[in-house]
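Each chain, letter by letter, is given below.
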Amino acid sequence: QTQFPHVNGAGWLSMHHHHTEVPAHHRSDSHVEHDHDLSPGHVPSLLQHEHLALVGEEVVDETEFSELERVEKGVRAGQVIEHLTTELSEDTSCRSLPGAILLFVCFMVSCLQAEEPTLNYSTRSLLNEILTEDANFAYIPGSQFQHDLGADQDVGMKVLDNANTRQDVHSWFRLGFFPLFQGSFALDGPADLSAIITQWEYNSAIGGIRLSQELAPLGDCRDPGMAKALANFDTCSPAFHYLSTPLSPHLPDILAREVKEDDPVRWFFFSEDWPTIEARIDETLRPNSTWLQRRRSESVRAAVPLYNPELHTLTVVYAEFFFARSGKQWVRVLAPTLKLQVYYKLFHIIVDGVCLVLVLQIFWGEGNEVRVIVIESKRQRMTPFKAIFRHFTQFWNGVDCLCMVGFSVLVFFWVGHIQNAQTLSDMLAGDLFGQRTLTGTEEHKAEALKALLDHVEMSLRHQLTVAYIRSICLFLVPMRMFKAFSAQARLSILTRTFTVCANDVFHFLLIFFTLFMSWAVCGIVLFGNSIEQFADFERAMNTCLRVVLGDIVWYEVREEAGPIVAALWLWTFCFVNSLVVLNMLLAIIMDAYTEVKSSVGSHSETLLEQAYETFTRWRARRAGQRLSVKEVLYALEDKQLPGDVKITPASFCDLVTGLGKEQAEEVLIGALQDADDLERTTHSVSAVIKMVGAVDTRVKAMNRNLTLLIGHSVASSSGAVKRPATPEGILDAVAVLAENFREHQERTTQRLLKMEEYIRFVADDARARSGGAVGQRDFMQSRAKMSRSGLGMSQLTDTEDAIARVRGPPTSPLPTTVASCFSAKYYES
């Protein structure tokens, strides 16, 4: 504790205490009325300045004592209850942490076992490569070199990516797509099954192929007269249809656009021979055919189911062409896969069983809490629904509620997914699809294949919904872990950091997205006509995000807009968003992190220490050596002690039956440590900068005030100090000032004591002569006579000694009026 220069003697000056000490034998009862003027809280007017506030209440630093000594003096009951509540919360969270971690791990493993992304991706990539690379068209006769090698075959010059016109669509389906399944169609002779297996790599086509067409709506053209005169168009479809011009394939779009009843559909069955199939293809897909409507056709989609006996999966291959009104054609190939047997590993069953038990444990725990809440609400005469609603509106209780709802929905849809897989397995094992080719009439085969594809697409939509719900649960399960982390001081740093900086991050994101979207739309305006990455708003936002993360698109934008425009757009975007704005976000988070980190007390336990403490407490409780934290807390709360009541180890043992002295001291020491940690001031980086600025301002003010003080109080007899103030000069001047103040204080104290003795002598002499109390008038007259006689302080000493020898010590108190007069005059001076 910093102390200012002080003086030894009657008085001392520090930042704790300042008052003139008068010996006890010189004080009389007549000072009772005015003792408040000489109390330690009295501060001279000079020291009441805001920058020179050196005087305050004396503070006892209790940290100089040991913890046991402080505990023996007593700990406030409110601090003990607060410490026990914190310990109970930490103990409960520590006990729930293993279950939360086990649920997290098991649920992760369950998701991986259910999806099996490696197998699904390998199947999808194989089929995509076959359809994009092996489905060739635009054949030309083979070269002489091929004939010399004995390969008397034609060569396809185009692949799927080269299908840019509707003639190419017809050629690709007739020469590329359908011939891939040629072994599946009925031939005059027996089919070469080995060739089929080699071609499809264990995937066998089932039933046939569905070719469907999606029609666009027609309406009036924007300029009917010009459309009729220049293009002979009576009606027009929308110039840009959102669903008909995708820039990338995605499964949800295909599954969302179901084949409607009024959409044109053609069926090609594998039981038919190839010449029949080829003739129907020409009739269906020629540009001048009646089925493919040139003006209204928006997309053409082919779907074929494939069965893999090795994996016991069913895959649907989609090949879809989109016809934009600009003349551009987009094509995409997708091959989603369904498992016909969800549970075929014992490990998967065990993992899902453990997850189910852990989820039921969550339901059990929350059910007990709700039961207690209902009982307490009835006791407090509150509506149970209101009490339950208030309970679950708390953040972590809301997380538990969301976990229960999410897992309930997931279980419901997961059971439906298992049923769908079993239904598909039964359909494929039935009489219709029990063989490679369908039998019966064309209508009968079309209904069977339609039912299969409809059920497969419904199962795929159901599977996609399960994936979405599982993704949500994958974020809820870690939140339950964060709930357990929140009660641990060191684990909760991350979550508390997010909480502290949430407000600042929200305002930051408003500014960030305003700037980010401005550059994204600017990129669409400048480069969207020729660069695919800026073709629409979604892709422009993703491209800008990649630029922020370091994936520069310099060459693409430079070729489109030139070096000057591209450099202006790219450099300004990188400077503002990457170098400035993102570093501001980092500063906001680090500022909150330092504040949270500084709030962690020195007595905070690590996770391993807390786990070990929980285990040792549990073992001691099992041995009957201590009480649980809950028992101690409930017993103390039942006493309903005021928060300011001091509890010592002995009184604590008396309040809680069965509590040992060692445990009582441990609880009280923990309460003191928590109280000490709470008294610590936490500071963030920005708060420290503000404090430094405030300290600098106050130091400058103190410098000015000390300079003025030195000029008025420590000036030499010949005049004020002329040299500028320096730190050494200020310290010397303060030392001189303190010495002068000490001497002045001693002289004043001596004069006051002598005057008090003289006043008592006058009062006693007056009572002896008149037999009554002397009045203020007589006292003033006596003082005037003394002044005229030239009696000074040096003569008062001899007079006092003579009076004391004759009269003895004064026996009567000083009259009130006289005391008031002299007290006022003294404090004025």
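### A short note on the pairing of strand 5 (residues 208-215)
Inference 1: Burial of strand 5 is extensive: 8 of the 8 residues sit out of reach of the surface.
Inference 2: In this sheet, strand 6 (residues 265-269) lies alongside strand 5 in antiparallel orientation, the contact comprising 5 bridges. Residue pairing across strands places Leu-211 opposite Arg-266, the latter belonging to strand 6.
Inference 3: The sheet contact formed by strand 5 and strand 7 (residues 297-308) spans 6 bridges and is antiparallel. The partner of Arg-210 across the bridge, within strand 7, is Ala-303.

### A closer look at the packing of helix 14 (residues 493-527) against helix 15 (residues 537-548)
Inference 1: Where helix 14 meets helix 15, the axes come as close as 9 Å, and the angle between the chain directions of the two elements is 120°. At the point where helix 14 passes helix 15, the crossing takes the right-handed sense. The residues of helix 15 that touch helix 14, namely those facing Phe-516, Met-517, Trp-519, Ala-520, Val-521 and Ile-524, are Phe-537, Ala-540, Met-541, Cys-544, Leu-545 and Val-548.

### Topic: helix 17 (residues 563-599)
Inference 1: Between the first and last C-alpha of helix 17 there are 52 Å, a value that for 37 residues agrees with the 54 Å anticipated at 1.5 Å per step.
Inference 2: Listed as buried for helix 17 are Ala-566, Ala-567, Trp-569, Leu-570, Phe-573, Cys-574, Asn-577, Ser-578, Val-581, Asp-591, Ala-592 and Val-596.

### Description of unusual backbone geometry
Inference 1: With phi around 60°, Arg-381 is a residue other than glycine that occupies positive phi space.
Inference 2: One can find Arg-381 in the loop between helix 10 (346-379) and helix 11 (384-392).
Inference 3: The exposed category is assigned to Arg-381, whose relative accessible area is 82%.
Inference 4: Residue Gln-640 is not a glycine yet carries a positive backbone phi of 55°.
Inference 5: With respect to the secondary-structure elements, Gln-640 resides in the loop between helix 19 (629-639) and strand 11 (646-647).

### Description of empty space enclosed by the protein
Inference 1: Per the stated rule, a full pass over the model turns up 6 cavities of 30 Å³ or more.
Inference 2: Volume-wise, the second largest cavity comes out at about 80 Å³.
Inference 3: In terms of lining, the second largest cavity is formed by Ser-212, Gln-213, Glu-214, Arg-257, Glu-258, Val-259, Lys-260, Asp-263, Ser-299, Arg-301 and Glu-320.
Inference 4: Going through the elements one at a time, strand 5 and strand 7 are the ones with two or more residues in the lining of the second largest cavity.
Inference 5: Broken down by element, the residue count for the lining of the second largest cavity peaks at 3 residues, all from strand 5.
Inference 6: Class assignment of the residues belonging to the lining of the second largest cavity gives a composition of 1 nonpolar, 3 polar and 7 charged.

### Some thoughts on the layout of surface pockets
Unfilled space is identified by rolling a water-sized probe across the atoms.
Inference 1: Counted as a void, the largest pocket has a volume near 1,900 Å³.
Inference 2: Forming the walls of the largest pocket are 50 residues, and the residues nearest its centre are Thr-92, Gly-365, Glu-369, Lys-483 and Lys-630.
Inference 3: Only helix 2 (77-115), helix 10, helix 11, helix 12 (395-428), helix 13 (442-486), helix 18 (607-622) and helix 19 provide two or more residues apiece to the lining of the largest pocket.
Inference 4: No other element matches helix 10, which puts 12 residues into the lining of the largest pocket.
Inference 5: Of the residues that constitute the lining of the largest pocket, the class distribution is 19 nonpolar, 17 polar and 14 charged.

### Describing the nonpolar core
The nonpolar side chains of a soluble globular protein tend to be buried, and buried together.
Inference 1: If you look at the biggest cluster of nonpolar residues, it comprises 35 residues, and the most contacted ones within it are Trp-172, Phe-173, Phe-177, Phe-178, Phe-181, Ile-209 and Val-304.
Inference 2: At the level of secondary structure, the elements contributing two or more residues to this core comprise helix 3 (117-134), helix 5 (166-180), strand 5, helix 9 (274-285), strand 7 and strand 8 (313-323).
Inference 3: Sort the elements by how many residues they give to this core and helix 5 lands first, with 6 residues.
Inference 4: By size, the runner-up hydrophobic cluster in this structure holds 24 residues, among which are Leu-358, Phe-392, Met-404 and Val-466.

### What to know about the state of the cysteines
Inference 1: If you walk through the whole model with that rule in mind, you get 1 disulfide.
Inference 2: Through a disulfide, Cys-221 is tied to Cys-236; the S-S separation comes to 1.9 Å. When the S-S torsion is 80°, as for the bridge of Cys-221 with Cys-236, the disulfide is right-handed. Here Cys-236 lies in the loop between helix 7 (224-231) and helix 8 (251-256) and Cys-221 lies in the loop between strand 5 and helix 7, a separation of 15 residues in the sequence. For the pair formed by Cys-221 and Cys-236, the shared burial category is buried.
Inference 3: Here Cys-355 is not disulfide-linked; the sulfur of Cys-106 is the nearest cysteine sulfur, at 4.9 Å.
Inference 4: Between Cys-401, a free cysteine, and Cys-403, which holds the nearest cysteine sulfur, the sulfur-to-sulfur gap is 9.4 Å.
Inference 5: Taking relative accessible area as the criterion, Cys-401 reaches 26% and is therefore assigned partly exposed.

### Let's talk about the confidence of the model for the chain
Inference 1: For the chain, per-residue confidence averages 75 on the pLDDT scale, and residues scoring 70 or more make up 74% of the total.
Inference 2: Within the chain, no element has a lower average pLDDT than helix 25 (residues 793-807), which sits at 45, and none a higher one than helix 12, at 91.
Inference 3: Note that residues 1-61 has pLDDT below 50 and, in this model, 79 contacts with residues that lie over four places away or in other chains.

### Comments concerning the side chain of His-170
Inference 1: Note on placement: His-170 falls in helix 5.
Inference 2: Looking at His-170, the relative accessible area reads 9%, which means it is buried.
Inference 3: Once residues within four sequence positions are removed from consideration, His-170 is found in contact with Ile-281, Asp-282, Leu-285 and Arg-286.

### Some points on a negative patch on the surface
Inference 1: On the surface, a cluster of negative charge is contributed by Glu-129, Glu-133, Asp-134 and Asp-161.
Inference 2: If you trace the backbone, Glu-129 turns up in helix 3.
Inference 3: On the basis of relative accessible area, Glu-129 is assigned to the partly exposed category, the value being 48%.

### With respect to the packing of helix 10 against helix 12
Axes are the key here: two packed helices are described by the angle between their axes and the distance separating the axes.
Inference 1: Look at helix 10 against helix 12: their axes get within 11 Å of each other, and the N-to-C directions meet at 135°. In terms of axis orientation, helix 10 runs oblique to helix 12. Considering only the axes of helix 10 and helix 12, their crossing is left-handed. Each of Asp-352, Val-359, Ile-362, Phe-363, Glu-366 and Glu-369 in helix 10 lies in contact with helix 12, whose residues at this interface are Asn-397, Asp-400, Met-404, Phe-407, Ser-408 and Trp-414.
Inference 2: Tallied by class, residues from the contact of helix 10 with helix 12 come to 6 nonpolar, 2 polar and 4 charged.

### Focus: the environment of Glu-560
Inference 1: The residue Glu-560 is located in helix 16 (residues 554-561) in this model.
Inference 2: Given a relative accessible area of 33%, Glu-560 falls into the partly exposed group.
Inference 3: When the C-alpha positions of Glu-560 and Asn-529 are compared, they lie 8.8 Å apart, and in sequence the two are 31 residues distant.
Inference 4: Among all residues touching Glu-560, those that are not within four sequence positions of it are Leu-526, Phe-527, Ser-530 and Ile-531.

Procedures and definitions
- Residues numbered from 1 in each chain as written.
- Predicted model: local features only at pLDDT ≥ 70, side-chain atom pairs only at ≥ 80, totals over all residues.
- Heavy atoms only, no water.
- Buried < 20%, exposed > 50% of the residue type's maximum accessible area, 1.4 Å probe, protein only.
- Helix = DSSP H or I, 4+ residues; strand = E, 2+ residues; numbered from the N terminus.
- Pairing = 2+ DSSP bridges.
- Axes fitted to C-alpha atoms, helices over the stretch in contact; angles between N-to-C directions.
- Left-handed = near helix turned anticlockwise from the far one by under 90°.
- Contact = heavy atoms within 4.5 Å.
- Expected span 1.5 Å × (residues − 1).
- 1 Å grid on protein atoms, 1.4 Å probe; cavity = no way out; pocket = protein on both sides within 12 Å on 5 of 7 lines; lining within 4 Å.
- Points joined across faces, edges and corners; volume = space filled by probe spheres on them.
- Nonpolar A, V, L, I, M, F, W, Y, C, P; charged D, E, K, R; others polar.
- Core = buried A, V, L, I, M, F, W, Y, C linked by side-chain atoms within 4.5 Å.
- Disulfide = S-S within 2.5 Å.
- pLDDT = per-residue confidence, 0-100.
- Patch = residues over 30% accessible without salt bridge, like charges linked within 9 Å, V, L, I, M, F, W, Y side chains within 5 Å.
- Areas by Shrake-Rupley, 256 points an atom, 1.4 Å probe, with all protein chains shown as cover.
- Salt bridge = Lys/Arg side-chain N within 4 Å of Asp/Glu carboxyl O.
- Lys, Arg positive; Asp, Glu negative; His and termini not counted.
- Charge placed at Lys NZ, Arg CZ, Asp CG, Glu CD.
- Parallel < 35°, antiparallel > 145°, perpendicular 65-115°, else oblique.

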